[in-house]
Every structure is written in structure tokens, then in C-alpha cells.
There are 2 protein chains.
Amino acid sequence: MAYTVAVLGATGLVGSHLIQLLESRQFPVKRLKPLASQRSLGNSILFQGQPIPVEEATPEAFEGVDLVLASAGGSISARLVPEAIKRGAVVVDNTSEFRMHPQVPLVVAGVNNADLDWHQGIVANPNCSTAQLMPVLKALHSAVGLKRVIISTYQSVSGAGKEGLEELREGLTVDMNNSLRHAHELETLSDQYHSPQVFQRPIAFNLIPHIDVFSEADDDTYGYTREELKLIRETRKILDLPELPITATAVRVPVLVGHSESVTVDLESPLSPEQAAQVLRNTPDVVVASSLTDYHTPRETAGTDPVYVSRIRRDTSNLQTGLNLWVVADNLRIGAALNAVRLAELLHERGKLAPVTASALVTV
Amino acid sequence: MAYTVAVLGATGLVGSHLIQLLESRQFPVKRLKPLASQRSLGNSILFQGQPIPVEEATPEAFEGVDLVLASAGGSISARLVPEAIKRGAVVVDNTSEFRMHPQVPLVVAGVNNADLDWHQGIVANPNCSTAQLMPVLKALHSAVGLKRVIISTYQSVSGAGKEGLEELREGLTVDMNNSLRHAHELETLSDQYHSPQVFQRPIAFNLIPHIDVFSEADDDTYGYTREELKLIRETRKILDLPELPITATAVRVPVLVGHSESVTVDLESPLSPEQAAQVLRNTPDVVVASSLTDYHTPRETAGTDPVYVSRIRRDTSNLQTGLNLWVVADNLRIGAALNAVRLAELLHERGKLAPVTASALVTV
């Protein structure tokens, strides 16, 4: 059994990772269809040693496609994913478009695989900052129960795609040329030569506590960004803990690849740092630092698959049942492309890549 | 009344800020003595338009000095501060050396001024990440009581002095030259050309959850860094809340100047985000963002005096009595030099710059 696989957003940062992973993990691809906007026509994608021309992402492009890996943005998924399902494809969607839909399973491979079985044509891949935390929180919840989770993120610019990487590079070049020649001028970085497009402020030498748009809902989420609400709501859905007390502050940092998270958990019953480390060492996809004084950084772990957990220690504000952790992962892998390909593998193994007839989701 | 003022560590990053602030805030200086290590002899410091030669920091250099502003590192303060007191000086010490000593007041101007009155020759200036948070936590505590505080920091390289700034600049230059020419090479930053001296890992395009040394105490603080323990213990001392449940994760980020903190507070009784904003707007030295969707970044606030608070919102993990806040300040100002000079001003106003005879601290 091999499949015709379309990659929607094939020329983007996550798209190119998707194609590399389909090849390196030997997913049974009969035919690859790299789809992108008209702008990318004329380009080719190298797959299994062959250049494959990029095709335009139109509804008709999904004719004969078995599996779609979609990573071209929410509005494009909203428009094209129903078209793909209508034509018999199963879609692993990497955008936020369908994640919270009650008829769409939101899955992290190894965490809630069984949810794949009730899909109606779409399986959603969570946001990068959610995905990396799920193996960790799931393991702790299974061990002793989660009572409360407080997260502060340190998210790299690659979360905003190639354009994010480029804007950081350009911003740094401007600053280095203008102001960095003398150490004593460092305090007076001028914003004059910066015109940020991807981020809301210059990201060079800066932090921006604003990812995605602000919630304007007239409720308790007022003032949260959508990135923070994704982390909160997606976690509750994936762990099937709809009432889990959880909060998040999401911050963009001038790092290229790799998201980091400072996490405080209140547990239902005590777990020592050593016991927590042991629980996490027994968790697939998780690498635990060798000692309480060892740790991981995004720079050294970028380009690798696991979720890295370190600095597991007692929470001095809740000595009985609290722990602090530092969680780092490559946001382009477990946070995006790797999880999508693993979901495709699991769908294949579970016999769930067959067309869904009369999916309720076609009219979403 | 004017004073002979010695600045210990006059050629460092904080030292030069101290001297600028003594001048710009018109502190009554009769004579300035810039003190530094032998290495800096031959240099001059410009003060009130006059070049003043740097003198070597020896015990005898404190003869005739009324006030010492010390910012040359803990071991130098340990050796020289008692010598200065012995000779009749009052010392505002910016290092961690004496902060937790029960006979040394630890003071943030405007937060616990009355503690200045029981000094015995030394007043300690808190760590930068502690200082900026104190006006905020004090105001919330006075309003409704603090029950628990959880902090994740984003600390700039200038917290490690000029050498920290230089190491980031050099690291970025190496990476930009080697790997950044093509966006698709960004994932493979090589550490080969980096040899970090100030930080434990390359800080360019990276985060390091390790500031100061790890605690090896065989107790609940095992695995914390000293930076985190400073934040915890100094907060408890300054707010006079010795049992306050508080925890911290301290992370170095590739920002030049300005420390940021993601703070979650549990309060004794409910306070809406709007009420909290109002409380903080009425707090001296604090600037609150104009709306719940406005915010501050370190880049834009570096070089200014206030503490900036934004993103004040309900904590979705504790809707009744929890708040999240984003707190940014210039670590070289309120976090170091500005607070030190303000403490000197307050000591002057309160008549507390007289020599302390027979100080118990001389034999510390």
C-alpha cells in the first residue's frame, strides 16, 4: 500500500521539512504532489533524488490524492481542506483552522493516538508550543495527576516561517552595522532603520510578548494572545482535561530554531524531582538531562527530534506537590513537520487513510 | 553638606552609570574618588566636566571617604567594604555579598525606605531581577495581599557587564559570517568558532537557563541557580514576608539591556486586571501600559528609569485571585546604578550618612 501525498505549502519552512521527513522516514509515497501558491510555480522540489515541479494549490489538484499534509496557513486550509476531503483525501492539518472543532481529533503522536480513530477526514496537528509539552504533561498526569500548569514560553523566530528568520537576520545586520561597533553605544539602538513586517516590533536584541493577535473576547481571556489561548485550549483537548487550570505567557525571542518553555506544575500528589525525572526518562520522545544541574538550550538541540527536559526541581512556592521544569524542542520538528508525518504513519498503520464518505466536515 | 564619594568598580558598566547618575541627579559630591583595580590605573573618569584619575582600590583609599558606592563584585566587597566602614564611610553595596546578612538592610528606594534607618554601615542594593519587581509586588501586596509568586525571567547580557555585551556581539558576528548568509543554513549553526567565557554556552541565538552557579545545598533548593535563589530570598527580605511562597526560573537571553519577567501572582483576595492596573498606575516609578493589548519590550525601554508593567490579565489557571503580568526594566538603572544613587539620596535626606562607630559589620 502506497499513497499519493500532497504537501500543501510545499515551499515553506515547515513544508520543506515535511518533504524531507517523508523521504527520510520512508513513508510509503507512491506519488508526491508539492502544492503552493501561483507565486511558486516553476520551482521544483527534490524528492527521492527526483525534481518534482510545484503545482498550484487548486481544488482540482486534490483529485486522486490519498493524504494531504497541509501547512500553508489557516485561511488556505479553511478554503482547500474541505475540497480535498470531498475528493477522498485524508488531511493532516498543521494550521489552527480546525484544531478546536469537536469533530476533529487533535493529536500528538505517542500521546493520544487513539483519537485518530474517530477522524472524519481531518486530523489536526497542534501548535508548536503545545506539541512539545504534551508528552511531558501527559506522563506527569498519568503518574500522579495534574492540578495546575503555568507556562512562560521563549519562542524562536522560525515559528513565523522563513520570513521570521529573515527579519531577525536583517534586523541584527542593521544593528550590528549601526550601533554595535562600540560597546558603549549599545544602549542606544535606533529603531530608525527597522521596519518590522513579520513581528510587531524589531526582534533583534528584543523580546516581544505578542504572538498572533490579541483576544478581544469579552470574557476572562481578554488580553491574552491567540498563541497563549492555543496553548491553553489545545492542551485541555489533547489531554482530555477540559477543566484543567492552565495559563500561559507566550514570548518571541531572538533565537532561530527551538522553542523553550519554563513550566510550573502543581500535581495532585507529591512527586520528587528524581521521581519525575524517572517518569520522564521512561517516556518515549523525551530526553531528560543527566543531572539536576545539567540543562539543554535551543541552539544545541535544534535539528533533532526529541523533547528535552531539564532543571526539574521542587517549586519553592509549593514544596509539597510543585515542580519546575525547562522544556526545549525543535519547533519545526516535534512542533510541526515531525508530528504531522508521524500522524500520517499512525493513520497508515491503523488503516485510517481510507476516504471518509459524507464527512460532516466538508461543510465546515 | 557635601560628601566625598568613592565609586568602587568605577570603570565597569554599572560604575560608569553610577558616576553619570551622581552628576545628572546632582548628588552633593564634594569630591569623587573613582576606584578600580590596578589594571585601570592611568585612566580618567569625566565628572562635572573634569577628568578625574582612577585610583587603586586599596583599604587606604577609603580614608576621608563619606560614602562608597560599591559595584566591583562580591569578593572585592567582602574584602574592602569592612575597610571602608572602619574608616568611617557608609557603603551602598551593589553586590550579593552582604544582602542576606541580618544586620544589613536590603532596600529598594520607594519600597522599604524605613529599613535604611537601622543600617550599621552597609546598605545592600538587591539583584537587578529582584529590584525591578519590588515596586510591583509591594503595591499588589499592600492592596490585597500576596499569596504566591511564580517568576520566569528573560535577562539581558548586560547583567554580566561589558564582557557580557561583548560576548554576545562577538558570537553574533561569528554566526552571521559563517552561517547566516543563506536562510536554509540557519539550522546548522556551528559552535566550533565559539568559546564562551562569560556565559556557559554560546549566547548568540540562544537561551541559557543558568545564571550564577547552581545551588548544591542538600535541601529543597537543590538544582536552583544562585540567581533564582537571590530573587526568592531577596524578595522575601525586602517585602518582610519571610514565608512568602515564591519560585523563579532565571534565563539569559540575547538582549543587550533590559530584563523582562513573566510573573504569575496568586492574591489573598480578588483584584481585576483593571483594578490592578489602577493600583500600579498610582505606584511611583511604575509605568503601566495604556491598554490590555499594549505592552513594553526591553529594546524600547532601555535607557529609561521606570519599571514597565503590561499584559496584566486574569490568570486562566486561577480566575478568582490570579493575575499574570509582564514586567520590563533597564537592569543597569533601577536594577543597579539608579537604585544605588537613590539609596544614597535617601540616606542623605534621612541624616544617615554619618559614620557608624563600632559597627558589628566590620568583622563580617
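What you are looking at is a predicted structure, and each value in this text was computed from that prediction instead of being measured.

*Asks:* Looking at this structure, I do not really get the overall build of chain A. What am I missing?
*Replies:* Across its full length, chain A holds nine helices and 14 strands. Relative to its length of 364 residues, chain A is compact, with a C-alpha radius of gyration of 21 Å against a globular reference of 21 Å. When the backbone C-alpha atoms are referred to their principal axes, chain A occupies close to 55 × 55 × 45 Å. Per-residue burial for chain A yields a buried fraction of 61% across its 364 residues. Looking at chain A alone, contacts between residues at least 24 apart form 66% of all its contacts between residues at least 6 apart. Here chain A displays about 13,100 Å² of accessible surface, and carbon together with sulfur accounts for 47% of that area. Positive and negative charge centroids in chain A, built from 31 and 41 side chains respectively, lie 3 Å apart.

*Asks:* Can you walk me through the pattern of salt bridges in this structure?
*Replies:* Opposite charge on two side chains permits them to pair, given that their charged atoms come into close proximity. One pass over the structure, following the stated rule, counts 46 salt bridges over all chains. Between R148 of chain A and D266 of chain B there is a salt bridge; the shortest N-O distance is 2.9 Å. Note that R148 of chain A is positioned in strand β9 (residues 146–154) and D266 of chain B in strand β11 (residues 259–267), a pairing that runs across two chains. Of the two residues, R148 of chain A and D266 of chain B, both sit in the buried class.

*Asks:* Is there a simple way to think about the relation of the copies chain A and chain B in this case?
*Replies:* One copy of the chain maps onto the second through a rotation around an axis plus a translation along that axis. Between the two copies, chain A and chain B, the superposition gives an RMSD of 0.0 Å; the rotation angle is 180 degrees and the shift along the axis is 0.0 Å. As the rotation angle and translation indicate, the two copies are arranged about a two-fold axis. Take the interface residues of chain A: 100% of them recur as interface residues in chain B, which is what a same-surface contact looks like.

*Asks:* Just checking my understanding: could you explain the packing of helix α4 (residues 134–144) of chain A against helix α7 (residues 273–281) of chain A for this structure?
*Replies:* Angle between the axes and distance between the axes are the two parameters that describe a pair of packed helices. Residue and element names in this part refer to chain A. Two elements in contact, α4 and α7, have axes separated by 10 Å at closest approach and are oriented at 115 degrees. The chirality of how α4 crosses α7 is right-handed. Contacts from V136, A139, L140 and A143 of α4 reach α7 at A276, V279 and L280. The class makeup of the residues in the contact of α4 with α7 is seven nonpolar, no polar and no charged.

*Asks:* Any chance you could explain the environment of V253 of chain B here in plain terms?
*Replies:* All names here are of chain B. Relative to the elements of secondary structure, V253 occurs in the loop between β10 (246–249) and β11. Judged by relative accessible area, which is 0%, V253 ranks as buried. Along the sequence, V253 and S158 sit 95 residues apart, while their C-alpha atoms lie 10 Å from each other.

*Asks:* Teacher, can you tell me more about the environment of L207 of chain B here?
*Replies:* Positionally, L207 of chain B belongs in the loop between α5 (161–178) and α6 (226–238). A relative accessible area of 0% places L207 of chain B in the buried class. Distance in space between the C-alpha atoms of L207 of chain B and V251 of chain B is 6.6 Å, their sequence separation being 44 residues. When residues no more than four places from it in sequence are discounted, the contact partners of L207 of chain B are Y154, V253, V255, S260, T297, P298 and W326 of chain A together with V251, R252, V253 and P254 of chain B.

*Asks:* Help me understand the sheet that holds strand β2 (residues 29–36) of chain B in this model?
*Replies:* Paired through their backbone hydrogen bonds, the strands of a sheet run either parallel or antiparallel. Residues and elements named next belong to chain B. Spatially, β5-β2-β1-β6-β7-β8 is the arrangement adopted by the six strands of the open sheet, whose pairing is parallel. Edge positions in the open sheet fall to β5 (55–56) and β8 (122–124), since each of these has one partner strand only. Examined bridge by bridge, strand β6 (residues 67–70) and strand β7 (residues 90–93) share four bridges and lie parallel to one another. Across the sheet, residue A70 finds its bridge partner in β7, namely D93. Helix α1 (residues 13–24) contacts β1 (3–8), β2 and β6 of the sheet and is inclined by roughly 160 degrees relative to β1. Helix α9 (residues 333–349) rests against β1, β6, β7 and β8 of the sheet, and its axis sits at about 150 degrees to β7.

*Asks:* I tried to follow the interface of chain A and chain B on my own but got confused; where do I start?
*Replies:* By a widespread convention, an interface's size corresponds to the accessible area lost as its parts come together. Between chain A and chain B, the contact holds 80 residues from the first and 80 residues from the second. Both faces combined, the contact of chain A with chain B buries some 6,900 Å², and carbon together with sulfur accounts for 57% of it. For the pair chain A and chain B, the number of links is 16 salt bridges. A salt bridge links D294 of chain B to R201 of chain A, with the shortest nitrogen-to-oxygen separation between them at 4.0 Å. Our enumeration of links across chain A and chain B arrives at 49 residue pairs in polar contact (both at pLDDT 80 or more). Those elements that place two or more of their residues in the side of chain A that touches chain B are β9, α5 (161–178), α6 (226–238), β10 (246–249), β11 (259–267), α8 (298–301), β13 (307–314) and β14 (322–329) of chain A. Examining the composition of the side of chain A that touches chain B, we find that eight residues originate from one element, α5 of chain A, more than from any other. A breakdown of the residues in the side of chain A that touches chain B according to their chemical character gives 37 nonpolar, 24 polar and 19 charged.

*Asks:* I'm lost on the side chain of S71 of chain A in this one. Help?
*Replies:* Residue and element names in this part refer to chain A. Mapped onto the fold, S71 is located in the loop between β6 (67–70) and α2 (74–86). Here N94 takes part through its side chain, which lies 3.2 Å from a polar atom of the side chain of S71. Excluding anything up to four places from it in sequence, S71 contacts L8, G9, V14, L18 and N94.

*Asks:* Would you mind going over the sheet that holds strand β5 (residues 55–56) of chain A with me for this structure?
*Replies:* Residue and element names in this part refer to chain A. Taking strand neighbours across the sheet as the criterion, the six strands line up as β5-β2-β1-β6-β7-β8 in an open arrangement whose pairing is parallel. Two strands lie at the open edges of the sheet, namely β5 and β8 (122–124), each paired on one side alone. Alignment of strand β1 (residues 3–8) against strand β2 (residues 29–36), held across six bridges, turns out to be parallel. Across the sheet, the residue bridging to V7 is P34, located in β2.

Parameters and conventions
Residues numbered from 1 in each chain as written. Chains lettered and ligands numbered in written order. Predicted model: local features only at pLDDT ≥ 70, side-chain atom pairs only at ≥ 80, totals over all residues. Heavy atoms only, no water. Helix = DSSP H or I, 4+ residues; strand = E, 2+ residues; numbered from the N terminus. Rg over C-alpha atoms; globule rule 2.2 N^0.38 Å. Buried < 20%, exposed > 50% of the residue type's maximum accessible area, 1.4 Å probe, protein only. Contact = heavy atoms within 4.5 Å. Areas by Shrake-Rupley, 256 points an atom, 1.4 Å probe, with all protein chains shown as cover. Lys, Arg positive; Asp, Glu negative; His and termini not counted. Charge placed at Lys NZ, Arg CZ, Asp CG, Glu CD. Salt bridge = Lys/Arg side-chain N within 4 Å of Asp/Glu carboxyl O. Least-squares fit on C-alpha atoms with pLDDT ≥ 70 in both. Axes fitted to C-alpha atoms, helices over the stretch in contact; angles between N-to-C directions. Left-handed = near helix turned anticlockwise from the far one by under 90°. Nonpolar A, V, L, I, M, F, W, Y, C, P; charged D, E, K, R; others polar. Pairing = 2+ DSSP bridges. Buried area = accessible area lost by both parts, 1.4 Å probe. Polar contact = N/O pair within 3.5 Å; in protein donor to acceptor, adjacent residues only side chain to side chain.

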